[in-house]
Amino acid sequence: FARVFNGIATAVGVAETPQFGGSCLAFMAADASLDGVTGAWFDTEPPGKHQLLSHLPSPEARDVAKQRTLWDLSSRLVGVASA
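Let me sum up the structure you'll find in this document. This structure is a prediction, so every number in the text was calculated from the model and none was measured.

Details of the side chain of S75
Okay, step 1: When you line up the elements, S75 lands in helix α3 (residues 64-78).
Okay, step 2: Here W71 takes part through its backbone oxygen, which lies 2.8 Å from a polar atom of the side chain of S75.

Written as C-alpha cells, this is what we have:
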C-alpha cells in the first residue's frame with residue numbers, strides 16, 4: 001500500500017522530499033524565530049510545494065474543558081492516573 005500511495009502522491013505533486021521534511025524539522029528545532037511559539041501545528045501549503053506554514057488548532061482543540069475530558073478518558077483507557 002505504501003508504495004502505491006507514495007507513487008500516486010508523487011505523481012500528482014503532493015509528496016514532499018525527505019530532504020525537505022528533514023530541513024523543516026531542523027528549522028523548527030533550531031531557528032530562533034520559533035522561540036516561544038506554542039499552540040500551533042505546521043504543514044506545507046500547498047502540499048508538495050516546499051512552503052512551511054503555521055496554523056492555529058481548531059476551536060475544539062483549544063477548548064481547555066474538552067482537553068481535560070480527553071485526557072481523563074484517555075488516562076482511564078490506558079490505565080494510568082490522571083494528573
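Considering a nonpolar patch on the surface
Okay, step 1: Side chains of V4, I8, V12 and V14 sit close together on the surface and give an oily, nonpolar patch of about 370 Å² of accessible area.
Okay, step 2: Mapping V12 onto the fold places it in the loop between α1 (2-11) and α2 (18-30).

Thoughts on α1
Okay, step 1: Little of α1 is tucked away, with one of its ten residues classed as buried.
Okay, step 2: Of the residues one or two after α1, G13 is the one with positive phi, at around 85°.

About the cut-offs
Residues numbered from 1 in each chain as written. Predicted model: local features only at pLDDT ≥ 70, side-chain atom pairs only at ≥ 80, totals over all residues. Heavy atoms only, no water. Helix = DSSP H or I, 4+ residues; strand = E, 2+ residues; numbered from the N terminus. Polar contact = N/O pair within 3.5 Å; in protein donor to acceptor, adjacent residues only side chain to side chain. Patch = residues over 30% accessible without salt bridge, like charges linked within 9 Å, V, L, I, M, F, W, Y side chains within 5 Å. Areas by Shrake-Rupley, 256 points an atom, 1.4 Å probe, with all protein chains shown as cover. Salt bridge = Lys/Arg side-chain N within 4 Å of Asp/Glu carboxyl O. Buried < 20%, exposed > 50% of the residue type's maximum accessible area, 1.4 Å probe, protein only.

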